[in-house]
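A look at the structure
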Amino acid sequence: MSNTDMNMRGKVIFYEEKNFQGRSYECMSDCSDMTSYLNRCHSCRVESGCFMVYDRPNYMGSQYFMRRGEYADYMSSMGMRDCIRSCRMIPMHRGQFRMKIYERENFGGQSHELMDDCDHIMDRYRMNECQSCNVMDGHWLMYEQPQYRGKQMYMRPGEYRSFRDMGMSGMSGMSGMRFMSMRRITDSCN
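Thresholds applied
Residues numbered from 1 in each chain as written. Predicted model: local features only at pLDDT ≥ 70, side-chain atom pairs only at ≥ 80, totals over all residues. Heavy atoms only, no water. UniProt positions renumbered as here; feature names shortened; annotations may be inferred. Salt bridge = Lys/Arg side-chain N within 4 Å of Asp/Glu carboxyl O. Helix = DSSP H or I, 4+ residues; strand = E, 2+ residues; numbered from the N terminus. Buried < 20%, exposed > 50% of the residue type's maximum accessible area, 1.4 Å probe, protein only. Pairing = 2+ DSSP bridges. Axes fitted to C-alpha atoms, helices over the stretch in contact; angles between N-to-C directions.

An unreviewed UniProt entry lists the chain under the name Beta/gamma crystallin 'Greek key' domain-containing protein, with Zoarces viviparus given as the organism. Quoted verbatim from the Sequence similarities (unreviewed entry) field of UniProt, the annotation for the chain is "Belongs to the beta/gamma-crystallin family." Its UniProt record gives the chain a comment under Function (unreviewed entry), which states: "Crystallins are the dominant structural components of the vertebrate eye lens."

Here is the structure:
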């Protein structure tokens, strides 16, 4: 495999203990359950690419975006309650970005098409919330609060009729999922 292929794929090394100690597991793709490789995971080093990590197996629970860098104790720096249980590699997208956001579930209510980042849907579009979307091009991060803060959700191309049904836990105690800002995942994460 060439260096170009390696950079396109991404590489992350997970460690059982903080500060890159203990047993390790090297990953260059999705991993739905890391418990078969490590008893726990409390630090990691992203050598290339971008990844979403999850605190439950099968890409469930709280999600955290990780770009190239070292995370010696990500639990305290990111506010993660538990250790990493699964991860998903985010493929790099080098075309246009397009996503249509909807105020209500099932593509209801007010809608707007985005082609770039939006730091606050209320300020920009006068939308109180976003509860469903259709990602046509690119990969996106959705945030529960304005200015790219709060809990995150990774969105691949596809239709998302209801954020409530997507396996997120503890999203501010809301019965339905809603997001207030969204950002493109660009190739700048390498």
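Some points on the pattern of salt bridges
Inspection of every chain in the model, using the stated rule, returns 13 salt bridges. Taking the shortest distance from any N to any O, the salt bridge between aspartate 30 and arginine 88 comes out at 3.6 Å. Highlighted residues: aspartate 30 in the loop between β2 (21-27) and β3 (43-48) and arginine 88 in strand β7 (residues 86-90), separated in sequence by 58 residues. The residue glutamate 159 makes a salt bridge to arginine 161 at a minimum N-O spacing of 4.0 Å. A relative accessible area of 44% places arginine 161 in the partly exposed class. Where salt bridges share partners, they join Lys11, Glu26 and Glu47 into one cluster.

Considerations on the sheet that holds strand β1 (residues 11-17)
Overall, antiparallel pairing links the four strands, which are arranged β2-β1-β3-β6 in an open sheet. In this open sheet, the two edge strands, each paired with only one partner strand, are β2 and β6 (69-71). On average, each strand axis in the sheet is tilted by 15 degrees relative to the strand beside it, whichever way the strands run. Sheet topology note: the β1/β2 ladder contains five bridges and is antiparallel. Residue pairing in the sheet places phenylalanine 14 in a bridge with tyrosine 25 of β2.

Re unusual backbone geometry
The residue tyrosine 59 is not glycine, and still its phi comes out positive at about 60 degrees. Structurally, the position occupied by tyrosine 59 is in the loop between β4 (50-56) and β5 (60-66). Positive phi, close to 55 degrees, is recorded for asparagine 106, a residue that is not glycine. Tracing the backbone shows asparagine 106 in the loop between β8 (98-104) and β9 (108-114).

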